[in-house]
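Descriptive analysis of the structure
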Amino acid sequence: AQSVAQPEDQVNVAEGNPLTVKCTYSVSGNPYLFWYVQYPNRGLQFLLKYITGDNLVKGSYGFEAEFNKSQTSFHLKKPSALVSDSALYFCAVRGGYNKLIFGAGTRLAVHP
Amino acid sequence: DTGVSQNPRHKITKRGQNVTFRCDPISEHNRLYWYRQTLGQGPEFLTYFQNEAQLEKSRLLSDRFSAERPKGSFSTLEIQRTEQGDSAMYLCASSLASTGAGNTIYFGEGSWLTVV
């Protein structure tokens with residue numbers, strides 16, 4: 001069965017520093033991987049996805065993610081964090097009937 | 001493209017009452033999903049429609065829950081005889097069907113349910 005794990009409940013980073021939010025996956029077959037962001041009391045906003053091709057995927061708001069097949073990882077990265085990036089981030093993998101299977105989420109806190 | 005629309009955004013109801021949520025997907029999106037999210041957790045899949053056909057239901061969807069998508073457009077999620085454990089945010093999402101699995105799923109703003 002497909003699953004994703006987000007090993008960190010919270011990530012703290014200073015504004016201007018690079019950030020990484022970790023995600024590992026378990027799938028049978030080729031993985032289709034996604035990152036979403038959720039602001040307080042809001043729905044999920046799509047950031048980026050990996051389907052095939054380049055291992056480095058660029059997405060919205062300056063975020064990017066690196067697909068690593070040997071480590072079964074899909075970490076979310078940004079070169080320079082903003083306070084406004086503070087939110088809840090979810091990694092997801094495509095499951096049967098194309099539904100998304102989400103991790104538990106990682107709270108990102110960017111401090112001024 | 002007006003996005004996925006959900007109504008109502010917030011609902012407070014007494015235990016035992018019935019509630020209904022509505023979802024209007026992005027125009028021309030033939031796939032529609034319902035998820036449930038509780039505080040501190042990731043969204044959990046509830047059910048999936050392709051056009052008007054309900055193709056998959058999670059075991060989380062007890063017999064008190066029913067979802068419909070008449071005519072393959074908007075969808076409703078009804079919860080009968082609500083319980084306090086039903087308190088959560090109910091998320092609707094939609095996407096286009098394709099031969100692959102790469103289509104992006106877009107989410108609405110969610111409907112918060114509080115059962116008192």
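Residues numbered from 1 in each chain as written. Chains lettered and ligands numbered in written order. Predicted model: local features only at pLDDT ≥ 70, side-chain atom pairs only at ≥ 80, totals over all residues. Heavy atoms only, no water.

What about the nonpolar core?
Core analysis: the largest hydrophobic core is formed by 26 residues, its most contacted members being Trp35(A), Leu47(A), Leu48(A), Phe74(A), Leu76(A) and Tyr89(A). Only β2 (10-14), β3 (19-21), β5 (33-38), β6 (44-50), β8 (64-68), β9 (73-78), β10 (87-94) and β12 (106-111) of chain A provide two or more residues apiece to this core. Per-element accounting of this core gives the leading share, 4 residues, to β10(A). The contact partners of Leu47(A), leaving out residues within four places of it in the chain, are Trp35(A), Tyr36(A), Val37(A), Gly59(A), Ser60(A), Tyr61(A), Phe63(A), Leu76(A) and Tyr89(A). Phe49(B), Ile79(B), Tyr90(B) and Val115(B) belong to the second largest nonpolar core, which has 19 residues in total. (Core = buried A, V, L, I, M, F, W, Y, C linked by side-chain atoms within 4.5 Å. Buried < 20%, exposed > 50% of the residue type's maximum accessible area, 1.4 Å probe, protein only. Helix = DSSP H or I, 4+ residues; strand = E, 2+ residues; numbered from the N terminus. Contact = heavy atoms within 4.5 Å.)

Focus: the pairing of β10(A)
All names here are of chain A. Taking burial as the measure, the 8 residues of β10 include 8 buried ones, the bulk of the element. Examined bridge by bridge, β10 and β12 share 3 bridges and lie antiparallel to one another. Residue pairing in the sheet places Tyr89 in a bridge with Thr106 of β12. Connecting the antiparallel pair β10 and strand β11 (residues 100-102) is a turn made up of 5 residues, with Tyr97 showing a positive phi of about 55°. (Pairing = 2+ DSSP bridges.)

A few points about the interface of chain A and chain B
Much of the literature gives interface size as the accessible area that the parts lose upon coming together. On the chain B side, the residues contacting the 21 residues of chain A number 25 residues. Summed over both partners, the interface of chain A with chain B comes to about 1,900 Å²; 51% of that surface belongs to carbon and sulfur atoms. Together, Tyr97(A), Asn98(A) and Lys99(A) form the three largest contributors to the area buried by chain A at its contact with chain B, with a combined 29%. Applying the counting rule to chain A against chain B returns 2 salt bridges. Between chain A and chain B we count 10 residue pairs in polar contact (both at pLDDT 80 or more) in total. Put simply, the parts of the chain that give the side of chain A that touches chain B at least two residues each are β5, β6, β10 and β11 of chain A. (Buried area = accessible area lost by both parts, 1.4 Å probe. Salt bridge = Lys/Arg side-chain N within 4 Å of Asp/Glu carboxyl O. Polar contact = N/O pair within 3.5 Å; in protein donor to acceptor, adjacent residues only side chain to side chain.)

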